Amino acid sequence: MKSAAMKLLTASAVALTLGASTFAAKSQEFINVLTGGTSGVYYPLGVALADIYGKTIEGVQTQVQSTKASVENLNLLQQGRGEIAFALGDSVKSAWEGDAEAGFPAKLEKLRGIAAIYPNYIQIVASQESGIKNFEDLKGKGLSVGAPKSGTELNARRIFGAMGMSYDDLGQTEYLPFGESVELIKNRQLDATLQSAGLGVSSIKDLATSLPITMVAVPSSVAETLGAPFLAATIPAGTYEGQGEDVPTLAITNILVTHSDVSDEVAYQMTKQLFENLDSMVAAHAAAKAISLDKGPMGVPVPLHPGAERYYKEKGLM
């Protein structure tokens, strides 16, 4: 039989081991950054964000996950399978409202906002040889509207509706990510692609250097019809090779989103380190030039995470 002293020592050792394990579990945080396809803008910015967090938040391990973007990201957050995600503002709004048609059968009540970041621009690009010059010319033509159930595809559906059109008006409808859409156009198997992304997206740059393109305008009246978070915007001349003029289109703000199970301290640090390391984000993609602290808490269609709120209050923005 063990002596009383021995039993006491054993119990103490077990308690110390359990205590050390608990401390280690608490001190080691994991941040999975949910992005989009590798040929879009979310992915390089997500890689930069993960790098920033890994270097500046003590005890954090990071990972970057390529996804189908907005809709998938928001559903993954609700399931606790990511800590921060990029998503389009209209998708975030639909997720909070539980819009089944948009891919959210029930309200995603765990979603919390970190920051409004840069705008996505609706960029419709066609091969010149397709003869497409305006939106109505898409009738009877082949168009990729984005990956299935992606934020881009939701944008496409809404824009077609506002123009009094539907996918039935197209001769061919493809549901493909940006890179695959461009490859089909280069191979003369598709006429055009609609992409919702930051300006200078690599997929369209690639297409524009491969063959002559036409950037297709979206009338400003569509923004008035759809309302917030859609805004009238312009793709400046020279954004892509062969684009000689400004092109009217729509813009939608992107949101960085987290969920309610992420601790206040981690959410605070994720917000703080984003804004205090914007140079690294800009180095990853020029779209990040549009990210600014004063716009961070504005127009976020879900409640801000208390950790993010704390940072904005420190900066006098709330």
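For the structure itself, look to the data block above.
Values in this document were obtained by computation on a predicted structure and should not be read as measured data.

### What to know about the overall build of the protein chain
(1) Moving on: Looking only at helices and strands, one finds 11 helices and 10 strands in the protein chain.
(2) Moving on: Reported as C-alpha extents along the three principal axes, the dimensions of the protein chain are approximately 90 × 45 × 35 Å.
(3) Moving on: Counting only residues that meet the buried cut, the protein chain has 49% of its 318 residues in that class.
(4) Moving on: Taking the contacts inside the protein chain whose residues are at least 6 apart along the sequence as the reference set, 74% of them involve residues at least 24 apart.
(5) Moving on: Accessible surface computed for the protein chain: about 14,000 Å², of which carbon and sulfur atoms make up 52%.
(6) Moving on: Charge-centre separation for the protein chain: the mean point of 25 positive side chains lies 7 Å from the mean point of 33 negative side chains.

### Topic: the pairing of strand 3 (residues 84–88)
(1) Moving on: The element strand 3 is largely enclosed, with a buried count of 5 among its 5 residues.
(2) Moving on: Side chains Ile84, Phe86 and Leu88 of strand 3 all project onto a buried face; the interleaved residues Ala85 and Ala87 project onto the opposite face, where all are buried too.
(3) Moving on: Here strand 1 (residues 29–34) runs beside strand 3; their pairing, made up of 2 bridges, is parallel. In the sheet register, Leu34 faces strand 3, and the bridge partner there is Ala85.
(4) Moving on: Two strands pair when backbone bridges link them, and strand 3 and strand 10 (residues 247–259) are joined in this way by 4 bridges, in the antiparallel orientation. Within the sheet, the bridge partner assigned to Phe86 lies in strand 10 and is Leu256.

### As for the pairing of strand 4 (residues 111–127)
(1) Moving on: Extensive coverage of strand 4 is indicated by the burial of 16 of its 17 residues.
(2) Moving on: Here strand 4 runs beside strand 10; their pairing, made up of 8 bridges, is antiparallel. Paired with Gly113 across the two strands is Val257, which belongs to strand 10.
(3) Moving on: Of the strand pairs in this sheet, strand 4 and strand 7 (residues 192–197) are connected by 6 bridges, and their pairing is antiparallel. Bridged to Ile124 within strand 7 is Leu194.
(4) Moving on: Note: strand 4 against strand 8 (residues 213–216), 4 bridges, orientation antiparallel.

### Focus: the packing of helix 4 (residues 89–97) against helix 5 (residues 151–162)
(1) Moving on: It is at 9 Å that the axes of helix 4 and helix 5 come closest, and there the two elements cross at 90 degrees. When the axes of helix 4 and helix 5 are compared, the pair comes out roughly perpendicular. Listed contacts from helix 5 to Asp90, Ser91 and Ser94 of helix 4 are Gly151, Leu154, Asn155 and Arg158.

### A look at helix 4
(1) Moving on: Listing the buried residues of helix 4 in full gives Gly89, Asp90, Ser91, Val92, Ser94 and Ala95.
(2) Moving on: Buried residues in helix 4 make contact with helix 3 (70–78), strand 3, strand 4, helix 5, strand 9 (230–235) and strand 10.
(3) Moving on: Positive backbone phi, at 70 degrees, marks Gly98, one or two positions downstream of helix 4.

### Focus on the packing of aromatic side chains
(1) Moving on: By the definition in use, this model includes 8 aromatic pairs.
(2) Moving on: When the centroid spacing of 6.4 Å and the interplanar angle of 5 degrees are considered together, the rings of Phe275 and Tyr311 count as stacked. Residue Phe275 is found in helix 9 (residues 264–276), and its partner Tyr311 is found in helix 11 (residues 306–314); the two are separated by 36 residues along the sequence. The pair Phe275 / Tyr311 is uniform in exposure class, with both members buried.
(3) Moving on: Clustering of aromatic rings is evident, with ring pairs tying together Phe135, Phe160, Tyr167 and Tyr175.
(4) Moving on: The residue whose ring lies beneath Lys107 is Trp96, and the NZ or CZ to ring-centre distance is 4.0 Å.
(5) Moving on: Its end group placed over the ring of Tyr268, Arg310 keeps NZ or CZ at 3.6 Å from the ring centre.

Thresholds applied
Residues numbered from 1 in each chain as written. Predicted model: local features only at pLDDT ≥ 70, side-chain atom pairs only at ≥ 80, totals over all residues. Heavy atoms only, no water. Helix = DSSP H or I, 4+ residues; strand = E, 2+ residues; numbered from the N terminus. Buried < 20%, exposed > 50% of the residue type's maximum accessible area, 1.4 Å probe, protein only. Contact = heavy atoms within 4.5 Å. Areas by Shrake-Rupley, 256 points an atom, 1.4 Å probe, with all protein chains shown as cover. Lys, Arg positive; Asp, Glu negative; His and termini not counted. Charge placed at Lys NZ, Arg CZ, Asp CG, Glu CD. Pairing = 2+ DSSP bridges. Axes fitted to C-alpha atoms, helices over the stretch in contact; angles between N-to-C directions. Parallel < 35°, antiparallel > 145°, perpendicular 65-115°, else oblique. Phe/Tyr/Trp six-rings, centres within 6.5 Å; stacked < 30°, edge-to-face > 60°. Lys NZ or Arg CZ within 6 Å of the ring centre and 35° of its normal.

The quantities given are spatial measurements derived from coordinates; they are silent on function.
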